[in-house]
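Here are the chains, one letter per residue:
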Amino acid sequence: MIEWSPATISAFQTTLLAWFDREGRDLPWRHDHEPYHIWVSEIMLQQTQVQTVIPYYERFMAWFPTVTALAQAPESQLLKAWEGLGYYSRVRNMQRCARQLLADYEGQWPKTATELTELIGIGPYTAGAIASIAFNEPVPAVDGNAFRVFSRLLEIDADIAKPQTRSLFEKVIARIIPKDRPGDFNQAIMDLGSSYMTARNPDSAHSPVKDFNQAYLDGKELDYPVKTKKPRPVPVDYVAVLAQADGQWLMTQRPSNGMLANLWTVPLLKVADLDLAEDYLPADLELAIQTYFQQEYQLRVTGFDLGLKPVKHTFTHQKWTIQLFGAKVEQPDLAYFPGKLVSTAQLTTLPMPKVQEKIWDRYQPK
DNA sequence: AACTCGTGGCA
DNA sequence: TTGCCAAGAGT
């Protein structure tokens, strides 16, 4: 890792901000510095690309224009606003944060990163982003872009996958961030990281700060950032039961904890949870499904393999293979079932994850 | 500290 | 297909 002199730091600031003034992106959440707008955009942008976020952001602002509107919204509407974005706890935590603001902060945002971190769903990165952009506090906002950009500029060899590495980057950036324009600086780093200094095909030869990029000057750009890789997704087998009664679909709401919390799907049974031998036969599966519904939900279903190609869906850490079964529900008494019957016309009113969309598409290709 | 939590894009 | 990456936070 190299160190910059005060003169180099000053030159870097000037060059970066001049470029940002010329070529910084015009994004919907950059039209003002309202903390609510900055906050919503930052939460949406966590692990999510700008292009994906834009339409969600526009709709979210139309539906929930203020912290109060967000605090008062029914959860089903929140999840509908987030449907397809992923990491659904983000939006549930946003509502908790909105209520926290109204209850404990008199509806006024705290103005420092340290205080912002106390709010639900706001971690070190988002606190830095809001504090610097909305309140002009000279603090770093260390996201994936900042890790990548500064690791290359300064040839920082620390493993960014390790939690402790964040504090090293925060110290380094704290020395470089300009006190007069911290928000623009942090956003400029993000723009730089998504244009010239990208992860895969960087174009540093044309970067406004190429002369400051030590890794590029040394021809070692792709060696940075140093990052240990994550384990690959674990395969998990599921059975989806497309059950109908009275012309309606049997839909279930997932538990309030864990993956896809509170979203709606057809019943998804983990094959490993069914009472099956190692080398079970297709006919055994039908019986196992029937038994499962009887025991867990006191429901009589007669399932049958739809003979369709299994649906595959990969999450960050799980790779699902889902076999589709059709079913008829006899005399539906849903007292013990965590869900309800829904007409085809009403299906779209439920917040559903992408994997459910794939299941519908397999059953009824458009 | 390591693991959990979605989805889309890209080579 | 596979693997990795994209404005991370909670537990």
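Going along each chain's sequence as written, the residues are numbered from 1 onward. All chains are assigned letters beginning with A, and all ligands numbers beginning with 1, in the order in which they are written. It should be noted that, the model being predicted, local features are given only for residues of pLDDT at least 70 and side-chain atom pairs only at 80 or more, the latter also being counted only at that level, while totals for whole chains, interfaces and linings use all residues. In computing side-chain properties, one takes all heavy atoms of the structure into account and sets aside hydrogens as well as water.

- In the nomenclature of an unreviewed UniProt entry, chain A is known as Adenine DNA glycosylase of Lactiplantibacillus dongliensis.
- Regarding chain A, the relevant UniProt record gives this comment under Function (unreviewed entry): "Adenine glycosylase active on G-A mispairs."
- UniProt positions are given in the numbering used here, feature names are shortened, and annotations may be inferred rather than shown by experiment. In its Sequence similarities (unreviewed entry) section, the UniProt entry covering chain A states "Belongs to the Nth/MutY family."

## A word on the packing of aromatic side chains
- Only centres within 6.5 Å qualify two rings of Phe, Tyr or Trp (six-membered ring in Trp) as a pair; their planes then separate them into stacked at under 30 degrees, edge-to-face at over 60, and tilted for everything else. Across all of its chains, the model carries 20 aromatic pairs by this definition.
- Seen in terms of ring centroids, F147 and F169 are 4.8 Å apart; in terms of plane orientation they differ by 75°. Their pairing is edge-to-face. Taken together, the positions of F147 in helix α9 (residues 144–154) and F169 in helix α10 (residues 165–176) put the pair 22 residues apart, joining distant regions of the chain. Residue F147 shares its accessibility class with F169, and that shared class is buried. What counts as a helix is a DSSP run of H or I of at least four residues, what counts as a strand is a run of E of at least two, and both are numbered from the N terminus. Think of it in three bands: with a 1.4 Å probe and only protein chains considered, a residue is buried below 20% of the maximum accessible area for its type, exposed above 50%, and partly exposed in between.

## So, the pairing of strand β1 (residues 234–245)
- Pairing analysis gives 11 bridges linking β1 to strand β7 (residues 318–330), with the strands arranged parallel. From the neighbouring strand, L242 faces β7, where its bridge partner is G326.
- As defined by bridge partners, β1 adjoins strand β2 (residues 248–253) across 2 bridges and the pair is classed as antiparallel. The residue bridging A245 from the neighbouring strand is Q248, located in β2. Two strands qualify as a pair provided that DSSP identifies no fewer than 2 bridges between them.

## Some words on the protein's contact with DNA strand C
- Close contacts around DNA strand C come from 28 residues, with Q47, G121, D143, N145 and R148 the closest.
- In the interface set of DNA strand C, defined as its atoms within 4 Å of the protein, sugar plus phosphate atoms amount to 69%.
- Two N or O atoms count as a polar contact when they lie within 3.5 Å, although within protein this holds only if one can serve as hydrogen donor and the other as acceptor, and sequence-adjacent residues are included solely when both atoms are side-chain atoms. At a separation of 3.4 Å, a base nitrogen of DNA strand C approaches a polar side-chain atom of W29.
- Only α2 (35–45), α8 (124–135) and α9 provide two or more residues apiece to the surface near DNA strand C. Here a residue counts as near a molecule or strand whenever at least one of its heavy atoms sits within 4 Å of it.

## Structural notes on the domain arrangement of chain A
- The split into domains, and so the bounds of each, comes from an automatic or database assignment of domains. Assigned domains of chain A: these are domain 1 (6–223) and domain 2 (234–363).
- Using C-alpha coordinates to define each centre, domain 1 is positioned 39 Å away from domain 2.
- The interface is formed by 9 residues belonging to domain 1 together with 13 residues belonging to domain 2.
- By definition, the buried area sums, over both parts, the 1.4 Å-probe accessible area that each loses when the two are put together. Where domain 1 abuts domain 2, roughly 790 Å² becomes buried across the two surfaces, and 52% of that area is made up of carbon and sulfur atoms.
- By definition, a salt bridge exists where a carboxyl oxygen of Asp or Glu is found within 4 Å of a side-chain nitrogen of Lys or Arg. Summed over the shared surface of domain 1 and domain 2, the result is 0 salt bridges. Residue contacts are counted whenever heavy atoms from the two residues lie within 4.5 Å of one another.

## Quick look at the protein's contact with DNA strand B
- Surrounding DNA strand B, one finds 22 residues, the nearest of these being Y88, L260, T316, H317 and K354.
- Contact distances for DNA strand B include 3.1 Å between a base nitrogen and a side-chain N or O atom of T48.
- Ten residue types, Ala, Val, Leu, Ile, Met, Phe, Trp, Tyr, Cys and Pro, are classed as nonpolar, four, Asp, Glu, Lys and Arg, as charged, and the remainder, Gly among them, as polar. For the surface near DNA strand B, a count of residues per class yields 8 nonpolar, 12 polar and 2 charged.

## Some thoughts on the side chain of S151
- Inspection of the secondary structure assignment puts S151 in helix α9.
- Look at S151 and you get buried, because its relative accessible area is 0%.
- In this structure, S151 is in contact with A146, I156, F169, Y224 and P225, ignoring residues within four places of it in sequence.

## Comments concerning the nonpolar core
- Counting 68 residues, the largest nonpolar core has W39, F60, M251 and I322 as the members making the most contacts within it.
- With sequence-adjacent residues up to four places away left out, F60 is seen in contact with Y36, V40, M44, L70, A81, W82, V91 and M94.
- As used here, the term nonpolar core means buried Ala, Val, Leu, Ile, Met, Phe, Trp, Tyr and Cys residues forming a set that is joined through side-chain atoms within 4.5 Å. With 28 residues, the next largest nonpolar core counts F20, I156, I160 and V209 among its residues.

## Let's talk about unusual backbone geometry
- Cis geometry is adopted by the peptide bond preceding P225, which originates at Y224 and carries an omega value of 0°.
- Among the structural elements, P225 can be located in the loop between α12 (214–217) and β1.
- Backbone geometry at N136 places phi at a positive 65°, although glycine is not the residue there.
- One can find N136 in the loop between α8 and α9.
- Backbone geometry at N262 places phi at a positive 70°, although glycine is not the residue there.
- Locating N262 in the fold gives a position in the loop between β2 and β3 (264–265).
- Under the relative-accessibility criterion, N262 is labelled buried at 9%.

## Structural notes on the packing of helix α1 (residues 6–23) against helix α11 (residues 182–193)
- Lines are fitted to the C-alpha atoms to define the axes, a helix being fitted only along its stretch in contact, and any angle between axes, read from their N-to-C directions, falls within 0 to 180 degrees. Taken N-terminus to C-terminus, the directions of α1 and α11 make an angle of 75°; their axes are 9 Å apart at the nearest point. As far as their axial angle goes, α11 and α1 are roughly perpendicular. Contact with α1, carried on its side by F12, L16, L17, W19 and F20, involves D184, F185, Q187, A188, I189, D191 and L192 of α11 and no other residues of that element.
- Residue composition of the contact of α1 with α11, grouped by class: 9 nonpolar, 1 polar and 2 charged. By the definition adopted for this analysis, an angle is roughly parallel if under 35 degrees, roughly antiparallel if over 145, roughly perpendicular if from 65 to 115, and oblique otherwise.

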